[in-house]
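Listed below, chain by chain, are the residues.
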Amino acid sequence: MTLRIIIGVALTVIAFAFAGRRLWWLYRLVTTGQAAPERIEAVRAHPARDARAEAAEVLGQRKLLKWSVPGAAHFVTFWGFTILLLTLIESYGDLFSRTFAIPGIGHWAAIGFLEDLFAVAVLAGIGTFAVIRLRNDPKREGRKSRFAGSHTGAAWLVLLLIFLVIATLLVYRGAQINTGDFPYAHGAFASQLVGHWLAPLGAGANKAAETTFILGQLAVILGFLVLVTYSKHLHIFLAPLNVLFSRRPDGLRDLQPMRSNGKVLDFEEADPDTDIFGRGKIEDFTWKGMLDMATCTECGRCQSQCPAWATGKPLSPKMLILDLRDHAFAKAPYLLADSDEARGQLPEAAKNEAARPLVGAAAAGGVIDPDVLWSCTNCGACVEECPVDIEHIDHITDMRRHQVLIESAFPPEAASMLKNLENKGDPWGMGGARRLDWTEGLGFDVPVVDGPIAADVEYLFWVGCAGALEDRARKTTRAVAELLHTAGVSFAILGPAETCTGDPARRMGNEFVFSMLAQQNVETLNAAAARKIVASCPHCFNTISNEYPQLGGNYEVIHHTQLLARLVAEGRLTPVTPVAERITYHDPCFLGRHNRVFTAPREIMADVPGVQAQEMHRCKERGFCCGAGGARMWMEERIGKRINAERIEEALATNPDTVSTACPFCLVMLGDAISAKQSSGEAAESLAVVDVAQLLVRSVRVPAAAPAGSASGGGGISGPGEPSGGEEAPGAGESPGVPEAPGTTPGPA
């Protein structure tokens, strides 16, 4: 007994010394990051909300269970180790007393059964993990494997250690049964089975096996503890913290304002020589950013869903975080040095690591290649999938901010977009004078706000740059206006007073231009006393509803699909004309994944008679990007396959007559991809992409041959029959040769 006590205590002291030293080093490294007081304040202000998040994401494994098989395996492994903490208590107790039992519950058969049940479940879980890793071996699967770029050797070592934890546990418990020292008379079925196998060895061998495997189990557990602090399995300790301090409800929707030393940056007073503009060095990240890096599990879920990675581009959200983490660890001696003198005495390798540019080409020793940084579409798939709430988009945007504002290093084709935003208020440089062109020939007046909005106007219709100026998007704008007018909804527009929300500039990294445009719009909206805003562009919708509150602009904002779905449900719009087509719907990232608007567009399609809705295999929360977000709309796509081509191939797999969406950017990107497929003969000439509002307006219009009054129960639009195939609905556009809306008088509104 004395010897095993000495060995057990010695193993514990040594393991805790190594693990404690490593954890202290990690704590010091993480706290070299910039202050993030808003994270602390959020936790203090919303303890109940954060407790629910911990319960759902950590205890309930909510995000992991989105992937059923690996999620279930992780769930039983997590809870197995939680329950098996009881056996750890028993192991330490057995060091000092062969007949130890946990006070109060130590002889309950139910406890013995539960311990063995979860021990077996853990074995099943790690067996599942082994099969998954073998089937997704990156050596064989290459980029298709979500484990490509992960540290697979360490993962196999961890699986082996987990197996040894359970194996040593069951052997020593089986030996205890044969020596008469086991505290559970019944229930521990797996231990009893192992005991049956060991019984023929005799009492002496079982007594020796008991001591040997108790010490063996403690050695394996303590070795696992040390390994955890040096590997990706550090997430066992850090994931609850990272979830606790993550943004709520998640790292989607709004981008955070730029901060320097924990304070929001004021561009009128900011000094690039003393303030931090984005992330130009690893130490410019906040402690929460450092925590993100250390928490990454290398599971590759983000990588498997990333549209950039799927189309052959260098961006892997997982590897971006790992590269930052590895650089932070390698630069740690420099960051943790007490003085410049101490830094001067560091090894050359540490000095060279400290000198590496955070963003730069491989030839320059850059940590993150510029092509990695600029491949991101901000679609949010990485954030959606991450089981430990890493905020990839925030980190990418912060690095872009430094590149744009300090280094002036960004794709050159985006320069004209930024210049147009700054000088003309829209990405194309067309100016405010063109923002009313879409109203010509509507057949009804569209009020333009001049001063405070009249009390009888229910909605301010935020048209957006694309909706007002881009030919294809104008058709959506006209359809929405026509439907609102038909339903008797009073609305007005800002017209020339409306400028770009600033979304492209902010997503590009030019926070200065965003701030300028956003403040201008907030002043305009506040002067107009805007109460309710309906937006047809998800990017405008997201920016006004989620980002303008940062500048004092708080409004009730809805997307046009939400309003139209409600008007149909209330009977104020009645679809009557069948649209007999197979239609697949593409979820815009900033409407769906970022803002959780999945149902309204589908409800509209379901209410249109004749529509046969068909889902693509990647839809809703796992929808695939069109390639336009993150300001990619204004950048060339030179690497790999075009993202919009990948998406349209998924659409073509459903054999659709029409592709529908609810975003002007998606409309353009998918339309371009369809045109390319039509040119190569891979898509029917009749195939078209339309907004769901265009589908609805086709159905709400009553065919000319129908008897008067045939549209019952709600508003209808009289007019001739609709065209077939891929032609646009009458009145949907203003290009030459396209007829105006039926029953209207051409001319300015």
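Keep in mind the model is a prediction, meaning the values are calculated, not measured. (Residues numbered from 1 in each chain as written. Predicted model: local features only at pLDDT ≥ 70, side-chain atom pairs only at ≥ 80, totals over all residues. Heavy atoms only, no water.)

**Student:** Please give an account of the overall build of the protein that cites residues and values.
**Tutor:** Secondary structure assignment for the protein yields 31 helices and 12 strands. The C-alpha extent of the protein, read off along each of the three principal axes, is 105 × 65 × 50 Å. The contacts in the protein between residues at least 6 apart in sequence include a share of 77% that link residues at least 24 apart. Total accessible area on the protein is roughly 29,700 Å²; 59% of this is exposed by carbon and sulfur atoms. Counting 69 positive and 81 negative side-chain charges, the protein places the averaged centre of each group 6 Å from the other. (Helix = DSSP H or I, 4+ residues; strand = E, 2+ residues; numbered from the N terminus. Contact = heavy atoms within 4.5 Å. Areas by Shrake-Rupley, 256 points an atom, 1.4 Å probe, with all protein chains shown as cover. Lys, Arg positive; Asp, Glu negative; His and termini not counted. Charge placed at Lys NZ, Arg CZ, Asp CG, Glu CD.)

**Student:** Lay out the packing of aromatic side chains with the relevant residues and their values.
**Tutor:** How two aromatic rings sit relative to each other is set out by the distance from centre to centre and by the angle between their planes. What the rule picks out here adds up to 13 aromatic pairs. Arranged with centres 5.6 Å apart and planes meeting at 20°, the rings of W24 and Y27 form a pair that is stacked. One end of the pair, W24, and the other, Y27, are both in helix α1 (residues 2-30), three residues apart, so they sit about a helical turn from each other. Judged by centre distance (5.6 Å) and plane angle (65°), the ring pair of W25 and F329 falls under edge-to-face. (Phe/Tyr/Trp six-rings, centres within 6.5 Å; stacked < 30°, edge-to-face > 60°.)

**Student:** Would you mind going over the pattern of salt bridges in detail, with residue names and values included?
**Tutor:** All told, the structure shown has 57 salt bridges when counted by the stated rule. Residue E38 is joined to R39 by a salt bridge in which the shortest nitrogen-to-oxygen separation is 3.9 Å. With a closest N to O distance of 2.7 Å, R647 and E650 form a salt bridge. Here R647 and its partner E650 are both found in helix α29 (residues 643-652), three residues apart, which amounts to about one turn of the helix. (Salt bridge = Lys/Arg side-chain N within 4 Å of Asp/Glu carboxyl O.)

**Student:** A description of a nonpolar patch on the surface should follow, citing residues and the corresponding values.
**Tutor:** There is a patch of nonpolar side chains on the surface, built from F113, L114, L117, V120 and F189 and spanning about 380 Å² of accessible area. Ranked by the residues each element gives to the nonpolar patch, the list is headed by helix α6 (residues 109-135), at four residues. Turning to its location among the elements, L114 is positioned in helix α6. (Patch = residues over 30% accessible without salt bridge, like charges linked within 9 Å, V, L, I, M, F, W, Y side chains within 5 Å.)

**Student:** How would you sum up the sheet that holds strand β4 (residues 491-492)? Please name residues and give values.
**Tutor:** The strands that make up a sheet are held in pairs by hydrogen bonds between backbone atoms, and each pair lies either parallel or antiparallel. Taken in spatial order, the four strands line up as β4-β3-β5-β6 in an open sheet, and their pairing is parallel. Each having just a single partner strand, β4 and β6 (556-559) make up the two edges of the open sheet. Note: strand β3 (residues 459-462) against strand β5 (residues 532-535), three bridges, orientation parallel. From the neighbouring strand, W462 faces β5, where its bridge partner is A535. Sheet strands touched by helix α27 (residues 560-569): β3, β5 and β6. Its angle to β6, the strand with the most contacts, is close to 80°. (Pairing = 2+ DSSP bridges. Axes fitted to C-alpha atoms, helices over the stretch in contact; angles between N-to-C directions.)

**Student:** So, the sheet that holds strand β9 (residues 658-661): which residues are in play, and what are the values?
**Tutor:** Pairing within the open sheet is parallel, and its four strands lie in the order β8-β7-β9-β10. A single partner strand is all that each edge strand has here, and the edge strands are β8 (612-614) and β10 (688-691). Across the sheet, the mean angle separating the axes of adjacent strands is 35° when strand polarity is ignored. With three bridges joining them, strand β7 (residues 582-585) and β8 adopt parallel strand pairing. The residue of β8 that forms the bridge with I583 is A613. Those strands touched by helix α30 (residues 664-679) are β9 and β10, and its axis lies near 170° from that of β10.

**Student:** So what about the environment of L564? Which residues, and what values?
**Tutor:** Within the secondary structure, L564 is located in helix α27. Judged by relative accessible area, L564 falls into the buried class, the value being 0%. Sequence separation between L564 and D394 is 170 residues; the distance between their C-alpha atoms is 33 Å. When residues no more than four places from it in sequence are discounted, the contact partners of L564 are L483, L484, L573, I604, A693 and L696. (Buried < 20%, exposed > 50% of the residue type's maximum accessible area, 1.4 Å probe, protein only.)

**Student:** Tell me about α29, residues and numbers included.
**Tutor:** Summarising burial for α29: eight of the 10 residues are buried, a large majority. Three or more residues of α29 are buried, namely I643, N644, A645, E646, R647, I648, E650 and A651. Structurally, α29 contributes buried residues whose contacts are with α14 (307-310), β7, β9 and α30.

**Student:** Can you break down the environment of R39 residue by residue, with the values?
**Tutor:** Mapped onto the secondary structure, R39 falls in helix α2 (residues 37-45). In this structure R39 comes out as buried when scored by relative accessible area, which is 11%. Sequence separation of R39 and S246 is 207 residues, and the distance between their C-alpha atoms is 7.4 Å. There is a polar contact of 2.8 Å between the side chain of R39 and the side chain of E391. (Polar contact = N/O pair within 3.5 Å; in protein donor to acceptor, adjacent residues only side chain to side chain.)

**Student:** How would you explain the pairing of β7 if you had to name every residue and give the values?
**Tutor:** Regarding the hand of the β-α-β motif, the stretch spanning β7, helix α28 (residues 599-607) and β8 is right-handed. Of the pairings in the sheet, the one linking β7 to β9 comprises three bridges and is parallel in character. From the neighbouring strand, T584 faces β9, where its bridge partner is V659. (Right-handed = clockwise from strand over helix to strand, strands pointing away.)

**Student:** Can you explain the confidence of the model for the protein? Please cite residues and give values.
**Tutor:** For the protein, the mean per-residue pLDDT works out to 92, and 94% of the residues sit at or above 70. pLDDT under 50 marks residues 705-714. Its contacts with residues more than four places away, or in other chains, come to 10 contacts. In this model, residues 718-749 is a region of pLDDT below 50 whose contacts with residues beyond four sequence positions or in other chains number 70 contacts. (pLDDT = per-residue confidence, 0-100.)

**Student:** Tell me about the side chain of D389, residues and numbers included.
**Tutor:** By the secondary structure assignment, D389 is in the loop between α19 (381-385) and α20 (392-405). Classification of D389 as buried rests on a relative accessible area of 7%. A polar contact is formed between the side chain of D389 and the side chain of S246, at a distance of 3.2 Å. For D389, the residues in contact, after removing those within four places along its chain, are E57, K63, N242, V243, S246, R248, K288 and D292.

**Student:** Tell me about helix α11 (residues 235-244), and please be specific about residues and values.
**Tutor:** Among all positions in α11, only H235, L238, A239, N242 and V243 are buried. With its buried residues spanning 135° around the axis, α11 presents them on a single face. Turning to α11, the residues buried within the fold contact α3 (47-59), α4 (68-83) and α12 (287-295). (Arc of directions from axis to C-beta.)

**Student:** Explain the packing of α29 against α30 to me, and be specific about the residues and the numbers.
**Tutor:** Where α29 meets α30, the closest approach of the two axes is 9 Å, and the angle between their N-to-C directions is 75°. Compared by their axis directions, α29 and α30 come out roughly perpendicular. Touching N644, A645, R647, I648, E649 and L652 of α29 are M669, L670, D672, A673, I674 and K677, all from α30. Split into classes, the residues belonging to the contact of α29 with α30 amount to seven nonpolar, one polar and four charged. (Parallel < 35°, antiparallel > 145°, perpendicular 65-115°, else oblique. Nonpolar A, V, L, I, M, F, W, Y, C, P; charged D, E, K, R; others polar.)

**Student:** Can you tell me about the environment of D426, naming the residues and giving the values?
**Tutor:** Relative to the assigned elements, D426 resides in the loop between α21 (415-424) and β3. A C-alpha to C-alpha distance of 6.4 Å links D426 and T499, two positions 73 residues apart in sequence. A polar contact of 2.9 Å, which involves the side chain of D426, links it to the backbone nitrogen of W428. A polar side-chain atom of D426 sits 2.6 Å from the main-chain amide nitrogen of G429.

**Student:** How would you summarise the packing of helix α8 (residues 152-179) against helix α10 (residues 203-229) if you had to cite specific residues and measurements?
**Tutor:** Contact geometry for α8 and α10: axes closest at 8 Å, N-to-C directions at 155°. As far as their axial angle goes, α10 and α8 are roughly antiparallel. For the pair α8 and α10, the crossing hand works out as left-handed. Across the contact of α8 with α10, the residue classes break down as 18 nonpolar, seven polar and two charged. (Left-handed = near helix turned anticlockwise from the far one by under 90°.)

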